Amino acid sequence: MGLLSQGTPLDWTESRLLNEHVRKNGIEQLLSIFAQHQSRKQDPFLWGDEVEYMLVDVDDEHHTAKLSIDHDHVLDTLNDPLKLLPLALHHNVTFHPEYGRYMLEGTPAKPYDGQSLADYSYVEENMRMRRVISELELPKHIVPLTLTTFPRMGCPGFTSPNALPIGPALQSLFLPDEIINRHVRFPTLTANIRKRRGSKVAINLPMYPDKNTKLLDDSIVKRDLFKSDREPFLGASIPGHVYMDSMGFGMGLSCLQVTMQPCDIDESRYLYDMLAPLTPLMLSLSAAAPIFKGYLVNQDVRWNVISGLVDDRTFVERGVEPFEGYHLFGGLDVDHHHPCIVGDCDSSLVGKDGTLACNVCTRDGQPVRRIPKSRYDLIDLYLGGSKDFLPAYNDIEPPINASVLKKLLENGIDEPLARHFAHLFVRDPLVVFSEREHQDNSLDNDHFENLQLTNWQTLRFKPPAPKPEGMADATNVGPGWRVEFRPMEIQLTDFENAAYLAFVVLVSRAIIMFKPNWYIPISKIESNMKTAHKVDLAIKDKFWFKLMDHWDLNVDDFQGYDFSWFDRYCNDGNDEMKGCVYLKGLGRERECTGQIQLNNINDSDCGGQFHRYTAHQLVNGTLDFPGLILLVIRVVATDLVNEESTHHCSSQTVQRELQQLKHYLMLISQRASGEIPTTARWLRDYVLRSDQYNQDLKVNDELNYRLVKRAQKVSEMDPEAIKEFLGDTVGGFMNAKPKGEAGLQMNGHK
Ligand code: ADP
Ligand code: MG
Ligand code: MG
Ligand code: MG
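What counts and what doesn't
Residues numbered from 1 in each chain as written. Chains lettered and ligands numbered in written order. Predicted model: local features only at pLDDT ≥ 70, side-chain atom pairs only at ≥ 80, totals over all residues. Heavy atoms only, no water. Pairing = 2+ DSSP bridges. Helix = DSSP H or I, 4+ residues; strand = E, 2+ residues; numbered from the N terminus. Contact = heavy atoms within 4.5 Å. Axes fitted to C-alpha atoms, helices over the stretch in contact; angles between N-to-C directions. Polar contact = N/O pair within 3.5 Å; in protein donor to acceptor, adjacent residues only side chain to side chain. Expected span 1.5 Å × (residues − 1). Buried < 20%, exposed > 50% of the residue type's maximum accessible area, 1.4 Å probe, protein only. Near = heavy atom within 4 Å. Areas by Shrake-Rupley, 256 points an atom, 1.4 Å probe, with all protein chains shown as cover. Nonpolar A, V, L, I, M, F, W, Y, C, P; charged D, E, K, R; others polar. Donors = N, O, S within 2.8 Å, 3.2 Å for Na, K, Ca; no water. Phe/Tyr/Trp six-rings, centres within 6.5 Å; stacked < 30°, edge-to-face > 60°. Lys NZ or Arg CZ within 6 Å of the ring centre and 35° of its normal.

1. A short note on the sheet that holds strand E19 (residues 610-614)
Point 1. Spatial strand order, E17-E19-E18: three strands in an open sheet with antiparallel pairing. The open sheet has two edge strands with one neighbour each: strand E17 (542-546) and strand E18 (604-605).
Point 2. Here E17 runs beside E19; their pairing, made up of five bridges, is antiparallel. From the neighbouring strand, Trp-544 faces E19, where its bridge partner is Arg-612.
Point 3. Running at roughly 160 degrees to E17, helix H17 (residues 522-531) makes contact with E17, E18 and E19 of the sheet.

Here it is, written out as structure tokens:
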């Protein structure tokens, strides 16, 4: 979570008067950052993760599991220099606030080294320490769990202690305001999104069809506390769907993010672009969200939920008719005496295609127009940092802030990069602190970050911070140009989370080393993102990707870099092979079966340049093309260990680290092939098989308790639960690993 300024956050009606001020100065700040850092080179490849935890109060006597909303003081203790902060820093961990009062975010204090093999296993140890240290100050019954969704969030009595859904910030029929972080930024953010939008946020998820499914969300109650209470009856709730009505249901979900620092701005832009087509794939491989508000839903992931629930667009911006008695322009500062605006909710102004019939501007001069996407969504534009980029790949033409574009182009920023920022700057700032209105644009970046950090997209291009005063001539000060990968759902165990991170970071290393061309039109990624929500998508459907023959890779370079490489490199016994190289000359050995080339005519587009592949094909390769795993193993072999210079691996430490990495990759490989269920499938099956389940989609209190207990067992690495969930190979490896008392006596990192 970004900056938590101290001070007075402005209510929407005041803060909207500063929209243009924040944008204008934000762009000045960005230009100053460009002037200071554009030519910065040779940063080391660093990376760091973010894990979000939910504090769950597990009561074994009464068989309940609830979100704990009165232990958030633990964050203060963890950040207090006189209490747990020194211990946390000694173990290289830090804790940050998140939207939910029941949430913690944990990160490494210092980022990891992308070229150090040891750091790819150290991340799991770092995560284990986060659990150990955060639990020091918590009673035994309050457990930090890495659940993407809390199954009964929004059901009566789901918090501990109990709180009523009557708060003015959320105005929710289901969630109390007491779930929101106490820092003033969060309730203000919540209320300002609603005020700008001109109605409550809403998302409707299709119900999972089961024998006794009544296509009715019977948790919606009639109430007369706020004007917004009428909204579900005016069209905000859709029959056959589970209706959620407030930001907490979205920002209160947990996810797994990773930030990486390539060597300079060009490499960062290229990495960003190549990661874009992987975002839907990794979302569905990490799927962990089949239950919302106590109902099984007919989708597996959280993305559209959070996207819908922080969507501040007005009716007119979304291109929909306002509810009766609501205003088309929501909370925009438009001149209501404008000749076009006749009534209070003048939907006659909107044509059938959603465009406005006349030009209306806000009082600060911004055009009112359709904005196709929520500010939490898939990226809209490639950054175009490579020779393979063609403007035609940016084929969806998102709205652009024309004056920002002009300013950036005039100052020498190239077109694709200028368009990226000019698109982010069509949004309004959501929280402005009155004390932070005036800033020194060469030393501060709050105005820029205000918009940057509330464009919550699948990827984030993170520029460096301004250089501190007096350091104008210093080079490579502070973090460099970074890319954040944001779509993944959180997994139950540290092992799985480490595995997803290692995979994404090593794929990124492979991108930088092998320079593949994975550009496909953004519209195709959009279509992938929609399908990524489906139940079991990873094994049942396909993703658009660049036809493998067009990746610009030499297939022969990857010969032999399959899972057997790890054993050949680690074990003595193959020394007599030609040239002491353990790979080359070996036939392609595949541990994963079932590579089928599906040649359906509908799987090809643009003369076959783009093709639809299963996750299995993309990750594990096809009979005649390497998949992502082979690319990654070659990076391990040539970048993390130097296979050419040693005979075989003689270090037991390196062998252990490689075995761990191998099993991380096997987890991803087997999730892609369907051999290991996604967390979503595992949770769904648990519900469907439970004797507490009445085939009516509902997860009752007892079932919620059992599910949480089972998840807790998994995250605590109970051998039986691990084996049942992750199977013989990966689960067996996890169980065989020495448990290592996660004692605080262990040495700090490095
Ligand atoms: P945000 O919430 O804005 O995404 P955070 O500060 O919470 O950012 O964390 C981002 C992650 O980036 C952390 O794991 C942190 O360790 C890591 N990180 C810090 N500096 C760098 C760097 N120079 N390069 C890559 N990662 C970094
Ligand atoms: Mg976070
Ligand atoms: Mg963070
Ligand atoms: Mg982040």
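Once the structure has been displayed, the description carries forward.
2. Focus: the side chain of Asp-380
Point 1. Within the secondary structure layout, Asp-380 lies in the loop between strand E13 (376-377) and helix H13 (402-410).
Point 2. At 3.0 Å, the side chain of Asp-380 forms a polar contact with the side chain of Lys-373.
Point 3. In this structure the side chain of Asp-380 is engaged in a polar contact, spanning 3.2 Å, whose partner is the side chain of Gln-457.
Point 4. Apart from residues lying up to four places away in sequence, Asp-380 is in contact with Lys-373, Asn-394, Ile-396, Pro-398, His-423, Gln-457 and Ile-522.

3. Re helix H21 (residues 628-640)
Point 1. Between the first and last C-alpha of H21 there are 17 Å, a value that for 13 residues agrees with the 18 Å anticipated at 1.5 Å per step.
Point 2. Counting buried residues in H21 gives twelve out of 13 residues, a clear majority hidden from the surface.
Point 3. Here H21 has its buried residues at Leu-628, Ile-629, Leu-630, Leu-631, Val-632, Ile-633, Arg-634, Val-635, Val-636, Ala-637, Asp-639 and Leu-640.
Point 4. Check the buried side of H21 and you find it contacts helix H5 (117-136), helix H10 (279-285), helix H16 (494-514), helix H19 (564-570), helix H20 (615-620) and helix H22 (652-673).

4. Some thoughts on the site of ligand 1
Point 1. The environment of ligand 1 is formed by 16 residues, the closest being Asp-49, Glu-50, Gln-261, Lys-462 and Glu-484.
Point 2. Between Glu-105 and ligand 1, the recorded distance is 3.2 Å, taken from a side-chain N or O atom to an oxygen atom.
Point 3. Gln-261 places a side-chain nitrogen or oxygen 2.9 Å from a nitrogen atom of ligand 1.
Point 4. Coverage of ligand 1 by the protein chains reaches 80% of its 570 Å² of free accessible surface.
Point 5. Among the elements that make up the shell around ligand 1, the one with the highest residue count is strand E1 (residues 46-59) (five residues).
Point 6. In terms of residue class, the shell around ligand 1 is made up of six nonpolar, four polar and six charged.

5. A short note on the pairing of E1
Point 1. Counting buried positions over the 14 residues of E1 gives twelve, a clear majority of the element.
Point 2. In this sheet, strand E10 (residues 256-261) lies alongside E1 in antiparallel orientation, the contact comprising six bridges. Counted as the bridge partner of Leu-46 is Gln-261 from E10.
Point 3. Where E1 meets strand E4 (residues 103-108), four bridges bridge the pair, whose relative direction is antiparallel. Pairing of Tyr-53 across the sheet is with Leu-104, part of E4.
Point 4. In terms of strand pairing, E1 meets strand E6 (residues 142-145) through four bridges, oriented antiparallel.

6. Focus on the coordination of the magnesium ion (ligand 2)
Around a metal, the ideal angle is 109.5 degrees if four donors adopt a tetrahedral arrangement and 90 or 180 degrees if six donors adopt an octahedral arrangement.
Point 1. Coordination of the magnesium ion (ligand 2) by the protein is provided by Glu-52 (OE), Glu-98 (OE) and Glu-105 (OE), with metal-donor distances spanning 2.0 to 2.1 Å.
Point 2. Donor residues for the magnesium ion (ligand 2), ordered by position in the chain, follow E-x45-E-x6-E.
Point 3. The magnesium ion (ligand 3) is placed at 4.1 Å from the magnesium ion (ligand 2), the two being bridged by Glu-105. Of this pair, Glu-52 sits in strand E1 while Glu-105 sits in strand E4, and the two are 53 residues apart along the sequence.
Point 4. Classification of Glu-105 as buried rests on a relative accessible area of 3%.

7. Describing the environment of Asp-624
Point 1. The topology assignment puts Asp-624 in the loop between H20 and H21.
Point 2. Expressed as a C-alpha distance, the spacing of Asp-624 and Leu-390, which sit 234 residues apart in the sequence, is 27 Å.
Point 3. A distance of 3.0 Å separates polar atoms of two side chains, one belonging to Asp-624 and the other to Thr-622.

8. A look at the packing of aromatic side chains
Point 1. Summed over all chains, the structure comprises 34 aromatic pairs.
Point 2. Taking the centre distance of 6.4 Å and the plane angle of 80 degrees together, the rings of Tyr-382 and Tyr-393 count as edge-to-face. Of this pair, Tyr-382 sits in the loop between E13 and H13 while Tyr-393 sits in the loop between E13 and H13; the two residues are eleven residues apart in sequence, bridging distant segments of the chain.
Point 3. On the accessibility criterion, Tyr-382 (0% relative accessible area) is buried.
Point 4. Relative accessible area serves as the criterion here: at 6%, Tyr-393 is assigned to the buried category.
Point 5. Clustering of aromatic rings is evident, with ring pairs tying together Phe-34, Tyr-272, Phe-421, Phe-425, Phe-448, Phe-461 and Trp-481.
Point 6. The ring centre of Phe-186 lies 5.9 Å from the NZ or CZ of Arg-185, which sits over that ring.

9. Comments concerning unusual backbone geometry
Point 1. A cis geometry characterises the amide bond from Ser-160 onward to Pro-161, with omega recorded as -5 degrees.
Point 2. We note that Asn-92 has phi near 60 degrees; this positive angle belongs to a residue other than glycine.
Point 3. Relative to the elements of secondary structure, Asn-92 occurs in the loop between helix H4 (85-90) and strand E3 (93-96).
Point 4. In this structure, Gln-695 takes a positive phi of about 55 degrees despite not being glycine.
Point 5. Residue position: Gln-695 is located in the loop between helix H23 (679-689) and helix H24 (701-715).
Point 6. Exposure remark for Gln-695: the relative accessible area of 32% places this residue in the partly exposed category.

10. Points about the pairing of E19
Along a regular strand, successive side chains alternate from one face of the sheet to the other.
Point 1. E19 sits mainly inside the fold: five of its five residues count as buried.
Point 2. Burial of E19 is two-sided: the residues Phe-610, Arg-612 and Thr-614 facing one way and the residues His-611 and Tyr-613 facing the other way are all buried.
Point 3. By the bridge criterion, two bridges tie E18 to E19 in an arrangement that is antiparallel. Each bridged residue has a counterpart across the sheet, and for Asp-605 the counterpart in E19 is Phe-610.

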